[in-house]
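# Fold and geometry: a report
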Amino acid sequence: NDEVNKLAQVPVGAGNDFLARSRSTYGLTYKTALLAGGAYAPPAGSYPVSSGTTLTTLSKRLQMAAHMIDVLGTQIITIHWGGFDTHTSQLVNQDKQFKELSRALAAFQADLEARGVADRVLTLVWSEFGRRAQENESSGTDHGAGGIAWVQGTRAASGILTDYPSLTDLDREDNLKVTVDFRK
């Protein structure tokens, strides 16, 4: 760890803002990890694993988020988890991803509840882009509009809070019409 920490302290040349930002982020992450320590571990088997006992990437990120909320009092956390940009064999490819996503989010919520911080957390999940309503020749869909967004948490209102977009009333570019802009 000392060697890795020394590497992060090597000066960054002028004009290399991306490297400087990466090193700054690493330094903050390193200090946060030292501060947070290992004060709590969720029950074994609660977060999805990729093989054996190794947590999936999403599980690791959500587990760290729960820890930061609990131990550090972090108020806003953004997690990016990609890989949904499939244009072929979508049903086969995304079925595994949606299973992992739903299991990881359920484990995250259970972790927050076990820590006693669930009433302070509202989780917003959204896709950065929507998909076309029409399937393409490769059993997939291409980029479009009308992506999914949902919230979860002990204080979230339950149920569907909007109308489903119509599959027969599309916009001029054959996209779903967005019924709610979650950014507002």
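Scroll up a little and you will see the structure.
Here goes a summary of the coordinates provided. One numbering rule holds for all chains: residues counted from 1, following each sequence as written. Local features in this predicted model are restricted to residues whose pLDDT is 70 or higher, and side-chain atom pairs enter the listing and the counts only when it is 80 or higher, whereas totals over whole chains, interfaces and linings include all residues. Excluding hydrogens and water, the side-chain values take into account all heavy atoms of the structure.

### Considering the nonpolar core
What is meant by a nonpolar core is a set of buried Ala, Val, Leu, Ile, Met, Phe, Trp, Tyr and Cys residues, joined one to another through side-chain atoms within 4.5 Å. Think of it in three bands: with a 1.4 Å probe and only protein chains considered, a residue is buried below 20% of the maximum accessible area for its type, exposed above 50%, and partly exposed in between. In terms of nonpolar packing, the biggest core is built from 19 residues, with Tyr 47, Leu 58, Leu 62, Ile 69, Phe 108 and Leu 112 touching the most fellow members. We count a stretch as a helix when DSSP gives it H or I for four or more residues in a row; a strand needs E for two or more, and each element gets its number in order from the N terminus. Of all the elements in the fold, those that place two or more residues in this core are α3 (57-72) and α4 (90-115). Filtering out sequence-adjacent residues up to four positions away, Phe 108 remains in contact with Tyr 47, Leu 62, Ala 65, Ala 66, Ile 69, Val 121 and Thr 123. Contacts are assigned to residue pairs that have any heavy atoms within 4.5 Å of one another.

### Quick notes on the side chain of Thr 123
With respect to the helices and strands, the residue Thr 123 is situated in strand β3 (residues 123-126). In this structure, Thr 123 is in contact with Leu 105, Phe 108, Trp 150, Val 151 and Gln 152, ignoring residues within four places of it in sequence.

### Description of the pattern of salt bridges
What makes a salt bridge here is a side-chain nitrogen of Lys or Arg within 4 Å of a carboxyl oxygen of Asp or Glu, nothing more. If you walk through the whole model with that rule in mind, you get four salt bridges. Close ionic contact of Asp 70 with Arg 115 constitutes a salt bridge, the shortest N to O distance being 3.2 Å. With Asp 70 in helix α3 and Arg 115 in helix α4, this residue pair connects regions lying 45 residues apart in the sequence. Taking the relative accessible area as the measure of exposure, Arg 115 reaches 11% and is therefore buried. Residues Lys 177 and Asp 169 are paired through a salt bridge, measuring 3.0 Å at the closest nitrogen-oxygen approach. Among the residues examined, Lys 177 registers a relative accessible area of 38% and is labelled partly exposed.

### Brief notes about α4
Given a helix with a known number of residues, its expected span is that number minus one, times 1.5 Å. Given a rise of 1.5 Å per residue, 26 residues ought to cover 38 Å, and the 37 Å separating the end C-alpha atoms of α4 matches this to within 8%. All buried positions along α4 are accounted for by Gln 90, Gln 94, Gln 97, Leu 101, Ala 104, Leu 105, Ala 107, Phe 108, Gln 109, Asp 111, Leu 112 and Arg 115. Close packing links the buried residues of α4 with α3, β3, β4 (130-131) and β6 (149-152). Where α4 ends, the next residue or the one after it, Gly 116, has phi of about 80°, a positive value.

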